[in-house]
Amino acid sequence: MKKSNKKNSSYFHDAVERFMHHKLAVVGLAVVTVEILLLVILPVIMNLEPNAVTPAVNMAPDKTHLLGTDTYGRDTFARLIYGGRTSLKIGFFSVLVQAAIGIPLGIIAGYYRKAAEVIIMRLADMFQSIPSMCLNIVLVSVLSPSAETLILVIGVMGWPSFVRLLYAKVLSVREKEYVEAARTTGTGNLGIMLKYILPNSISPALVAFTFGIPSAILTESALSFLGLGIQIPEASWGNMLNAAQSVAIISTKPWLWIPAGMCIFITLISVNLFGDGLRDALDPKTKIG
Amino acid sequence: MGRYILKRTLTAIVAFIGITIMTYCLASLMPGSPLDQLVQPESGISNAELAAIEHKMGLDQPIYIQYFFWLKNMFQGNFGVSYTQHRPVVELIAGRIGPTLLLSLSSMLLALFVAVPLGTAAGYRPYKGIDYASSVLAFVGQAAPNFFVALLLIYIFAVKLRLLPISGMYNSGSSGTAGEVLKHLILPCLALTFQHLGIFTRQMRNSMYECMSDDYVRTARAKGLNERTVLFKHTLRNALLPLITQAGLSLGALVGGAIITEQIFSWPGMGTLMLKAIKDRDYPLIMGITVIISVIVLIGNIVIDIIYRMLDPRIDDKV
Amino acid sequence: MGERVLEVNNLTTVFHTKTGTFPAVSQMNFTLDAGETLAIVGESGCGKSVTSLSIMHLLPDRMGEITPESSIKFKGTEISKYSNKQMSNLRGNEISMVFQDSLTSLNPTMTVMAQMVEPFMVHQKISRKDAEKAAIEMLRKVGIPNPEARVKQYPHQFSGGMRQRVMIAMALSCNPSVLICDEPTTALDVTIQAQILKMIYDLKKELDTAVILITHDMGVVAETADRVLVMYGGQGVELADCHTLFTNPLHPYTQGLLASIPKIDDDTRLSTIEGMVPSLKDMPKGCHFCDRCQYCTDRCRKENPPMYRAGEREVRCFRYEEGN
Amino acid sequence: ADSQTVTMAFTGSWNTLCPLAATADYDDCAANPMFDRLLELDGKGGYSYRLCESFDISDDFKVLTLNLRKDVKWHDGEPFNADDVVFTYQLYSSADLVTSRRLFLQGVEGCDESGIELSPNSVHVEKVDDYTVDVYYSEPKSEIAMFAWNMYFTVLPKHCLEGKDPATILQDDFWTKPVGTGPYIFESTVPGESVTYKANPDYYLGAPSIETLCIKVIQPASLTTAMMAGEVDLINGTLAAIPDADMEFAQTLEGYNAESMEGTSANFFVLNNKVFDSAKIRKAFAMLLDKDAMIESGCYGNGAKVYTTYAPKNVWSDQEIIEEYGYEFDPETAVEMLKEEGFDFDRTYTVCINDMAVRQAICTVMQDTWAKYGLKLEIVTLDTQTCISSMRDEAYDMWINGGAGANFTSLETGFIIWVTIDDSGEYGPYNLAKVDDPTFMKVEKELASATSEDEIKRLTQEIQKLELTEYNYVYIIGPYINTAISDRLVGVDKDMMLTRGFNYSEWKIEE
Amino acid sequence: MKKLLEVKNLTKTFPVNGGFLKKSKKLTAVDGISFDVMEGETLCLVGESGCGKSTLGRCILQIIKPTSGEVIFDGVDLCKLDEKKMRPYRQYLQMIFQDPYASLNPRMTIRELIGAPVHAFKLAATSDELDEKIREVCKVVGISEDWLNKYPHEFSGGQRQRIVIARALIMNPRFIVCDEPVSALDVSIRSQVLNLMKDLQEQFKFSYLFVSHDLSVVNYIGDRIAVMYLGEFVELATKRELFNNPSHPYTQALLSAIPVADVNYKRERTYLEGEVPSPVNPPSGCRFRTRCRYASDVCKSKRPELKLVGEDHFAACHMCGKITK
Ligand SMILES: Nc1ncnc2c1ncn2[C@@H]1O[C@H](COP(=O)(O)OP(=O)(O)OP(=O)(O)O)[C@@H](O)[C@H]1O
Ligand SMILES: Nc1ncnc2c1ncn2[C@@H]1O[C@H](COP(=O)(O)OP(=O)(O)OP(=O)(O)O)[C@@H](O)[C@H]1O
Ligand SMILES: [Mg+2]
Ligand SMILES: [Mg+2]
Ligand code: NI
């Protein structure tokens, strides 16, 4: 039973404020933002040719090739930038697919209960019990590997976590008096779900969204390891890191894997930190003051 | 409780049937056929012979008939014979299930054994040294790709320190003692544990942190209990509950996710068998492995649910 | 009245939050004698719970802190600087506490018995068996039917009233000198509330315990308290004998409060206190009540009045400054 | 490692120890230590005699007489004799048996075109006496043909397998503890991980000096690590090869002799016959291949340019023809030629590969070259099975595939199968390139029954010429095979490793 | 006075522990209740927690469909209408909730919140008209216009309750169910809200069904009072009659249990024994008999009906006449 005396502050403003107090999360956000900016801007301002094969193969970093070249003489730095675009694209869109399937289903299951609940939740059970890596492999080989396939496959395999989150949250939100109030004021089911249930149960999904991105990037790199990830000549951090398949390369050609490894690592940590902060920010339990 | 187990089992069976249908359809959608194995430069097989074999194997039937046939046999305990390895699927899996369970369960246990004390310490003293240390470990764990961790471990322990073997489960030519298996287990287990360790530690830390501010903890303190009792008797058990749920969710990832680890360490488990089966389009084997892994996961989840119920008396009266 | 068991002087508790530090309770003074019931009333958020938690040293870790100039004397001993360890000998033993929400205040995963025996075993150092016997006895005393069977159950299997009885039994198990009840009946129905209040009254009589009863129900105060402390905005504004307070409230806030309560045999229009309780973080510089007070003067806005003594009672208002 | 144990690496796991069911080199070679063949290639193009002491060929080149050794015993002590050989022929030709190792029966009397018996035990193989067997062919066969096809013939014990139903014999429990005549006796296996053998004390060529032989599955990327950890003694380059990227590093490792050897395998293009129907266009494509760059980036320099199916080492390889009809990297001319032929430059062409590093390198280089000349190439990477089925369905414009290549004989390539066309005009199962010109079949058939050296030479030249000018195969590069042998293991015949053969009984451990 | 609403034999049961392999039990939350509500009157509902007060209110508004019974409004039985046909009536029937913190969607501005019903019923053609309506209602309940663009969490409980009232008022309702509208509020705020509700009723002449368990509040705002116990009405009378002359033993106990904020108020307390029985298997006969000190054999076997015991005074007790006060 607290009230805020601040003028014009809104829920989101408060959330932003709580988030800003989470220093590591701010750092995470900053890193991700800078990274995305670099990935967007660098190809425009620099002349990067990620797929250009040159005779200068397996070169250690020098002035012309900031991060050296790979076995085809392609510039590692250029590939790193383009690979980042691919990896982040896969990370983001595959979670988007998960959310796009999971959120509506979760809301329907939690709101209508009964048959919808049974069917959707059993389906989610089913998807979560299948060894997802096996199915990923099968699906990727059915659909032939490409960025779009990976997005689809990771998306289709990952929706149950969103359903569960949303479902649990909707169960409590639908009992809230404002939902009842909406009904007494004549709002239809669709309206209730969109205007009342969705905005009030979306916050765990937002958090799950950020945590989903790193895990999607990791899945892509794991599939790359099995040769089912992003295919040549396109670069992704996952398939670049795969250059480090053997100890020989790890110890003799660090420029081939350290950049991609560091990028994955930094991105994943930043996104995770950001997600952590977001969770605290969106969770009303962590009130400031 | 009995009724609950029954109910869970029945829903698990429904989920199980769903899984088999889905896997069967997907597996047969995969381009290529098991017969491709026979088509090789050395074979000189003819189209007619191939057709005859296809008919003999029943691969020319419509997919749903093949599926029902498979399902019928499965319920009779007959999982068929591997197309490429020519042994009953059950026998092939039986040979591999031990190593897989050994690997995934040991890494689950290891993850829990490290994550619980660490997460507890971190959640109990939040925003202190131990919390930051555990956070770093957790984030690193969550952010490092599995195969990469495996390589680093190999590099450090097998190459630099020459302490541990890198491949297989036994020494060459030896039939294997427990100690030997253990030695071979360490690296794959560590590699597999790393990621889950991160997730578990975070989970434990957060739930501990939340439980510490619960009202009953205040009550316990108000009774004059010392901190140790408050922590171990009152808080820990409640804080473990979300971790148990998390462990249930991770079970599938752990059993199925062992594929890469098994591959790198040539661990003779079901993961490598599965990869091979997929490569060879060995449908009975693909199905058999999927069935077994899903059954393990489903049973594991039931067991975890039961543990959860034993720890949390509230649930029993709710459902 | 009996010996003085508790003496709180100049208690100030500050909270450190991300947006700054603010006092949740400031300059609280009151005393408690053995066998006496002191009611603390006030609006939500005025610092009633924080006061009691400060006495128990149970403020949330790292956030709440008692300032050094505060003094809490228990039976003459200064306990405000006690360490956690020293306090744990007092808690549950000499000073006990009952919380409002009995469902969350009991550990959901432990049986009632397991929770009941703890104070016995910790403070009286008796064996588990004896502790169990004592616990069952105690539960019987608080009116739980068939306690031998019920102790094996979990808190969620008890009704709200039953749980509150368990809480009270647990608090009283070591015969404490002070029992702090933080809104023990707010969540309960009136008929159950009456039972519980009667039980507290009876046990208090029997054990000669001093009780601090925190509530915001003036009815409960009128019926159970010996003395009343009215709080507003983190401070005590009026401390008086129960009868005197109700018949002759001095502080404008107390007056307003009493006037805004509907009377059972009178349905004339209610009077109200206009305005809102200011937030603790931006309390007026002077008297905390000045924004809503009809007698407010410039001085009130600038200066926070101290507690003025008026015979047996104390009031925090310049209108009662000596010589006025 | 144990001083009396030798560990050999395989990069893939075998399916079965049953030679009848073998479909891959791993299967053949995992069973190899315990099952002897009649003859083996000796690594120099000659024969090394095993169960067969010598053989004779009748004057009409239609009867093969096998003279068997008399001192051979099965691992269980039973003597080996002609009955076993006849039994094995009958088993292989059995109609109920599903096997892909029946090639050697093609042309044997009493068998149909696929090598399946016409009626029960109709295969015409006769026991002359206990140690002599005659095999009758319906058409004349050259010595080379008879031998090349019999290479995959593994003799099985009659006394163990007699009376078993050929339809289910592949699943028989016998294969979990097989009995052979070879230098090593089956000891144990961890499925998918390793198989362990113990030396056969009664081996007819003398008991092997190495007590225990262990074949272990190790991922290619882990081979160098295994070497560093001393967990492997032999990486033979064909069953396990050190990745090119690691080779330089492997050569620096102490205790091993890591070596790149010229191999015979080759990667080649398969052009979709329907899209690229002009020989000139196909030639232009060949000229667009920057093989040097491919060798550099795909094999770290450890590779050779390849022009035909006959590896340079092969006695039938004809350098003159290559010089005359071969082509070198010449993109300008190639583009000219394409323009002349009215090649569509606007379309994006697709090439399909599996995820082998060499093939990826080939495609990457090619794509880069193409791009420089305004041609658009899209690379589609699929798993091997999918890749093959896409070839069958002609889903893409080109594929890159690989073959073992021919080492010593003219027939070893198995090329004939790739160009098979049924009587009905249907493509054979392995004719993935959809070669529909019957000339190829004819030449190959003639080669199979050619008996004189001159004839063989003429026909192999013909084939090489056809390959360079007409076939829709374009040979690209042949990577070397990267082998490593631990210093303590001596007596390994390196040449034999190329043909996946092993002279186990000569191996020794030297500390 | 005219009858506004007539409730006949209203029953609501919830299935509990139902579903799988378990015979589902029934929880009868509201058990055959009948009463009328007059125009412009306030009918109060008191009773212990869980006795079905809220359920009754919701059933009348058809937020949850009653299991059986009739709710006649304007001559139409609302229970027989489906959701679509019900819509036109919704605007006359409004509700104010107990928890002012949970009854406003935290993600909508005050303007949206108050405007939502107008929107849903398309009562305003233009946005100007909507604004006009909102402004009007704000003036009535004392909401200043600069609140409109803020979010609910920026307001205190009392202010929120005003917003909730404004939202109900904008529809020109004729009947408002108030489910414990002031129990979450502090004493000093409570009086503001109560005064407001009373003023509004005088001005607009609508009827309240006012649920509460605080008898002093009920006494202040109510005209008639119904006492509920385990899903049934045990007593229904005008306020004066009930307070001066409680007939049912439960009502008597309830009255005696209320703490009165007056030190001079002296009375004899009657303490009730035990707890409220579970509504899943209520006692046979009279539901109150397990806690009633006058209980006799009749009470065990026969369910008492609501009988007229005085002028406008109904009670459901076999012993009514026999109890001496
Ligand atoms: N953990 C905390 N962190 C920050 N501020 C707190 C915390 N606990 C209490 N406060 C602040 O202290 C003030 C007093 O709170 P307290 O709980 O003592 O009120 P109360 O009088 O008990 O109210 P109620 O009647 O609602 O229980 C509140 O305004 C609140 O903002
Ligand atoms: N949706 C529901 N499903 C099952 N049971 C319900 C449901 N809603 C209410 N009940 C049950 O119906 C009974 C009456 O509930 P109701 O909320 O009407 O009580 P109430 O008198 O309003 O109580 P309170 O004073 O606590 O608000 C309770 O026992 C409750 O458990
Ligand atoms: Mg409080
Ligand atoms: Mg209610
Ligand atoms: Ni701000």
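Please read all numbers here as calculations on a predicted model, not as lab measurements.

Draft legend 1. Local environment of the interface of chain D and chain B. Counting residues at the interface gives 60 residues for chain D and 47 residues for chain B. A buried area of about 4,400 Å², summed over both sides, lies between chain D and chain B, and 50% of it is on carbon and sulfur atoms. Of all residues in chain D, N15, Q385 and P429 of chain D bury the most surface against chain B, accounting for 15% of the area lost on that side. On inspection of chain D and its partner chain B, the count reaches three salt bridges. Here E49 of chain B makes a salt bridge to R102 of chain D, at a shortest N to O gap of 2.5 Å. Inspection of the region where chain D meets chain B yields 12 residue pairs in polar contact (both at pLDDT 80 or more). Every element with two or more residues in the side of chain D that touches chain B is listed here: β1 (5-10), β9 (194-199), β10 (212-217), α5 (223-228), α12 (384-392) and α13 (415-418) of chain D.

Draft legend 2. Expanded view of the UniProt feature "domain: ABC transporter" (unreviewed entry) in chain C. Those places that UniProt annotates as "domain: ABC transporter" (unreviewed entry) correspond, in this numbering, to residues 6-258 of chain C. Secondary structure content for residues 6-258 of chain C is 40% helix and 27% strand, while the C-alpha to C-alpha distance between its ends is 28 Å.

Draft legend 3. Region of the structure containing the site of ligand 2. Residue and element names in this part refer to chain E. By nearness alone, 13 residues border ligand 2, and S49, G50, K53, S54 and T55 come closest of all. A distance of 2.6 Å is found between an oxygen atom of ligand 2 and a side-chain nitrogen or oxygen belonging to S49. With respect to ligand 2, the side chain of T55 contributes an N or O atom lying 2.4 Å from an oxygen atom. Those elements that provide at least two residues to the shell around ligand 2 are β2 (25-38) and α1 (53-60). In terms of residue count, the dominant contributor to the shell around ligand 2 is α1 (three residues).

Draft legend 4. How the structure looks around the domain arrangement of chain C. Residues and elements named next belong to chain C. Under the domain assignment used here, chain C contains domain 1 (4-94 + 174-320) and domain 2 (104-173). One C-alpha centre belongs to domain 1, the other to domain 2, and the line joining them spans 29 Å. Buried surface at the junction of domain 1 and domain 2, both sides included, amounts to about 1,300 Å², of which 70% is carbon and sulfur. Together, C174, M199 and L203 form the three largest contributors to the area buried by domain 1 at its contact with domain 2, with a combined 38%. Here domain 1 is connected to domain 2 by one salt bridge. Here K141 ties to E206 by a salt bridge, and the two come within 3.5 Å at their closest N and O atoms. The interface formed by domain 1 and domain 2 holds five residue pairs in polar contact (both at pLDDT 80 or more) in total.

Draft legend 5. Representation of the site of ligand 1. All names here are of chain C. Close contacts around ligand 1 come from 16 residues, with S44, G45, K48, S49 and V50 the closest. Interatomic distance of 2.7 Å between a side-chain N/O atom of S44 and an oxygen atom of ligand 1. Between ligand 1 and V50 there is a distance of 2.8 Å, counted from an oxygen atom to a backbone nitrogen or oxygen. Here the shell around ligand 1 gets three residues from one element, more than from any other, and that element is helix α1 (residues 48-56).

Draft legend 6. Fine view of the sheet that holds strand β18 (residues 473-475) of chain D. All names here are of chain D. An order of β16-β15-β17-β13-β18 is seen for the five strands of this open sheet, with the pairing classed as mixed. Two strands bound the open sheet, and with one partner strand each, they are β16 (376-381) and β18. Between one strand and the next, the sheet's axes are offset by a mean angle of 30 degrees, whatever the strand orientation. The pairing of strand β15 (residues 348-353) with β16 spans six bridges and is classified as parallel. Bridging from a neighbouring strand, I353 pairs with T381 of β16. Contacts from α12 reach β13 (266-271), β15 and β17 (398-403) within the one sheet, and its direction differs from that of β17 by about 120 degrees.

What counts as what
- Residues numbered from 1 in each chain as written.
- Chains lettered and ligands numbered in written order.
- Predicted model: local features only at pLDDT ≥ 70, side-chain atom pairs only at ≥ 80, totals over all residues.
- Heavy atoms only, no water.
- Contact = heavy atoms within 4.5 Å.
- Buried area = accessible area lost by both parts, 1.4 Å probe.
- Salt bridge = Lys/Arg side-chain N within 4 Å of Asp/Glu carboxyl O.
- Polar contact = N/O pair within 3.5 Å; in protein donor to acceptor, adjacent residues only side chain to side chain.
- Helix = DSSP H or I, 4+ residues; strand = E, 2+ residues; numbered from the N terminus.
- UniProt positions renumbered as here; feature names shortened; annotations may be inferred.
- Near = heavy atom within 4 Å.
- Domains from an automatic or database assignment.
- Pairing = 2+ DSSP bridges.
- Axes fitted to C-alpha atoms, helices over the stretch in contact; angles between N-to-C directions.

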